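A look at the structure
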Amino acid sequence: MVTASAPGKVYLFGEHAVVYGEPAVPCAIELRAEVTVTQREDGLRVQANDLSLDGFTVEYDGDASGRPDIDVSDSLVDAAMGYVNEAIAQVEDAAGVEDAGFEVQIDSEIPLGAGLGSSAAVAVAAIDAGTRELGVELAPEEIAERAYRVENEVQDGQASRADTFCSAMGGAVRVEGEDCRQIGTPDLPFVIGYDGGAGDTGALVAGVRELREEYGFAADTVEAIGDIVRCGEQALADGDVAELGQLMNFNHGLLSALGVSSRSLDAMVWAARNAGADGAKLTGAGGGGCIVALDDSPETITALEYTPGCEQALRAELDAEGVHTEG
Ligand code: MEV
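The structure displayed is predicted, hence computed values, not measured ones.

A few points about the domain arrangement of the protein chain
- When the domains of the protein chain are assigned, the result is domain 1 (2-184) and domain 2 (190-316).
- On a C-alpha basis, the centroid separation for the pair domain 1 and domain 2 is 23 Å.
- Taken together, the 31 residues of domain 1 in the interface contact 36 residues of domain 2.
- Mapped by element, the contributors of at least two residues to the side of domain 1 that touches domain 2 are strand S1 (2-13) and strand S2 (25-40).
- Among the residues making up the side of domain 1 that touches domain 2, the classes are represented as 19 nonpolar, 7 polar and 5 charged.

Below, the structure written as structure tokens:
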């Protein structure tokens, strides 16, 4: 039995545009997914706890009829299980075995489909735990690459390396196509607002692709997000938090123009700004889920807690630790 954990992330800048080769800067946060893998005779049995911040338990052995009632949509659970299936395929490929049997236990603090990189963290931790259980030790870079293949498979060939590289390596990273590296950042105080909902990453990415193909100005919008990221990198290097906040606001506006924000995300973004945050934007695929604000004052958390549509507000520290084994 091997247990590994990997962090979730927030995007400082660049989600969606990163799918089209623009740079992005995600930052790992101290909410982690823990995956325990144990070899068994045959077949795959998955047990998942606390896949949302509120928490629920689902046991899944490939037979959907046995699934208990839960408070997130079945399609989300199916998507989560799709990531686990593909991660196990990567484990078998890395270890050079076929049809190994596994018991997989997931304990995650990261809400599903909420823009905090739950699927990437589960894929990364599952690959690390699964390969170690078979006696193979992979470098974090290889775990990141294999977890990227998992996301790409589940998201119909429309994934970037950003979420998976960030989760495997920890800290703040810069991803542009296949060029992935860790970067230094000043101490960034993040607050997360969570609407209790989730977006369908595949559908949201497909929606942006359609807009981009139909309208030249949507393609320009994607490129403009890349320009924001490049300016953001300079602001990071200068430690200019006010400039970072302004660029985050701009980034949110462009994501909104691409149709991936929602009423509750916009409401939380404005509540955080009005409470004095340096900047705020949605994080991840959008459609629902989380916003990230640059500020750690109690006023911002309280303002979010009183915002209609906000279920939870929490402080999030940068997590320098990528994937590692537990215990
Ligand atoms: C999802 O967390 C981030 C997206 O940019 C998709 C991806 O990069 O694979 C929307």
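Some points on unusual backbone geometry
- Of note in the backbone geometry, His16 takes a positive phi value of approximately 70 degrees without being a glycine.
- When you line up the elements, His16 lands in the loop between S1 and S2.
- Not every positive phi belongs to a glycine, and Asp156 is a case in point at roughly 55 degrees.
- A count of 10 C-beta atoms within 10 Å places Asp156 in the exposed class.

Some details on the packing of helix H3 (residues 140-154) against helix H4 (residues 162-169)
- Running from amino to carboxyl end, H3 crosses H4 at an angle of 150 degrees, the nearest separation of the two axes being 8 Å. As the angle between them shows, H3 and H4 are arranged roughly antiparallel. Note on packing geometry: the crossing formed by H3 with H4 is right-handed. Residues Pro140, Ile143, Ala144, Ala147, Tyr148 and Glu151 of H3 pack against Asp163, Thr164, Phe165, Ala168 and Met169 of H4.

Describing the UniProt feature "binding site: ATP" (unreviewed entry) in the protein chain
- The UniProt entry lists Pro111, Leu112, Gly113, Ala114, Gly115, Leu116, Gly117, Ser118, Ser119, Ala120 and Ala121 under the feature "binding site: ATP" (unreviewed entry), expressed in the numbering used here.
- Within the secondary structure, Ser118 sits in helix H2 (residues 118-133).
- For Ser118, a count of 31 C-beta atoms within 10 Å corresponds to the buried category.
- For Ser118, the residues in contact, after removing those within four places along its chain, are Gly8, Ala33, Ser108, Ile110, Pro111, Leu112 and Gly113.
- As for its placement among the helices and strands, Ala120 is situated in helix H2.
- On the basis of neighbour counts, which here come to 32 C-beta atoms within 10 Å, the residue Ala120 falls in the buried class.

A short note on helix H9 (residues 298-305)
- Taken as a whole, H9 has its buried residues at Thr300, Ile301, Ala303 and Leu304. The buried side chains of H9 occupy one side of the element, clustering within an arc of 160 degrees when seen end-on.
- Where H9 is buried, its residues contact strand S8 (190-194), helix H8 (263-274), strand S10 (290-294) and strand S11 (312-316).

Overview of the site of the ligand
- Taken together, 14 residues form the shell around the ligand, and within it Glu15, Ala159, Ser160, Gly284 and Ala285 come nearest.
- Those elements giving two or more residues to the shell around the ligand turn out to be H4 and helix H5 (201-214).
- Partitioning the shell around the ligand into residue classes produces 6 nonpolar, 5 polar and 3 charged.
- Three or more residues apiece are contributed to the shell around the ligand by two domains, here domain 1 (2-184) and domain 2 (190-316).

Rules used in this analysis
Residues numbered from 1 in each chain as written. Predicted model: local features only at pLDDT ≥ 70, side-chain atom pairs only at ≥ 80, totals over all residues. Domains from an automatic or database assignment. Contact = placed C-beta atoms within 7 Å. Helix = DSSP H or I, 4+ residues; strand = E, 2+ residues; numbered from the N terminus. Nonpolar A, V, L, I, M, F, W, Y, C, P; charged D, E, K, R; others polar. Buried ≥ 20, exposed ≤ 12 C-beta atoms within 10 Å, placed from the backbone. Axes fitted to C-alpha atoms, helices over the stretch in contact; angles between N-to-C directions. Parallel < 35°, antiparallel > 145°, perpendicular 65-115°, else oblique. Left-handed = near helix turned anticlockwise from the far one by under 90°. UniProt positions renumbered as here; feature names shortened; annotations may be inferred. Arc of directions from axis to C-beta. Near = placed C-beta within 6 Å.

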